[in-house]
Amino acid sequence: MASADIEYRCFVGGLAWATDDQSLERAFSTYGEILESKVINDRETGRSRGFGFVTFSNEKSMRDAIEGMNGTPGVAVPLTGTGRIRYAGDI
């Protein structure tokens, strides 16, 4: 895989149902430039499935976000219980 093909995407689980793409991006933007933020919705109902993905422009920002937000309930993003954040390549 060429370095241009590498994505610095992290999985964010335990999101509150009201979380949308924009609020997810706002919560993680303090860690660096975000290329994309996406809350996954149910195809039939359109409601959030409680998880999403955030793609950063570089590895350091992604790792800082994982370290800073992982296991932190309700800080900057409406997580239910204890939020789960990890490198999406680990899924």
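Up top you'll find the structure we're talking about.
Quick summary incoming for the structure in this document.

Rules behind the numbers
- Residues numbered from 1 in each chain as written.
- Predicted model: local features only at pLDDT ≥ 70, side-chain atom pairs only at ≥ 80, totals over all residues.
- Heavy atoms only, no water.
- Pairing = 2+ DSSP bridges.
- Helix = DSSP H or I, 4+ residues; strand = E, 2+ residues; numbered from the N terminus.
- Salt bridge = Lys/Arg side-chain N within 4 Å of Asp/Glu carboxyl O.
- Buried < 20%, exposed > 50% of the residue type's maximum accessible area, 1.4 Å probe, protein only.
- Phe/Tyr/Trp six-rings, centres within 6.5 Å; stacked < 30°, edge-to-face > 60°.
- Lys NZ or Arg CZ within 6 Å of the ring centre and 35° of its normal.

With that settled, consider the pairing of strand β3 (residues 48–56). Taken together, the six bridges between strand β1 (residues 8–15) and β3 define a ladder with antiparallel strand orientation. Within β3, the residue paired with Gly13 across the bridge is Phe51. From the end of strand β2 (residues 34–41) to the start of β3, which pair antiparallel, there are six residues, and Gly46 there has a positive phi angle of about 80°.

This part covers the pattern of salt bridges. Inspection of the entire model under this criterion finds five salt bridges. Across the salt bridge formed by Arg9 and Glu36, the nearest N and O atoms sit 3.8 Å from each other. Note that Arg9 is positioned in strand β1 and Glu36 in strand β2, a separation of 27 residues in sequence. Accessibility expressed as a relative area gives 25% for Arg9, which makes it partly exposed. Looking at Glu36, the relative accessible area reads 41%, which means it is partly exposed. The salt bridge involving Lys60 is made with Asp64; its shortest N-O contact spans 2.7 Å. Note that Lys60 and Asp64 are positioned in helix α2 (residues 59–69) at a spacing of four residues, about one turn of the helix. Residue Lys60 is classed as exposed on the basis of its relative accessible area, which comes to 58%. A cluster of three or more residues bridged by salt bridges with shared partners is formed by Glu7, Arg9 and Glu36.

Inspection of the entire model under this criterion finds three aromatic pairs. When the ring of Phe11 is compared with that of Phe51, the centres are 5.8 Å apart and the planes differ by 35°; the resulting orientation is tilted. Taken as a pair, Phe11 in strand β1 and Phe51 in strand β3 lie far apart in primary sequence, 40 residues in all. Ring centres of Phe11 and Phe53 lie 5.8 Å apart, and the angle between their planes is 65°; this geometry places the pair in the edge-to-face category. Here Phe53 lies in strand β3 and Phe11 lies in strand β1, a separation of 42 residues in the sequence. We classify Phe11 as buried; its relative accessible area is 11%. Ring-pair connections join several aromatic residues into one group, and the members of that group are Phe11, Phe51 and Phe53. Against the face of Trp17 rests Arg47, its NZ or CZ located 5.6 Å from the ring centre.

Read these as spatial facts, not as claims about activity.
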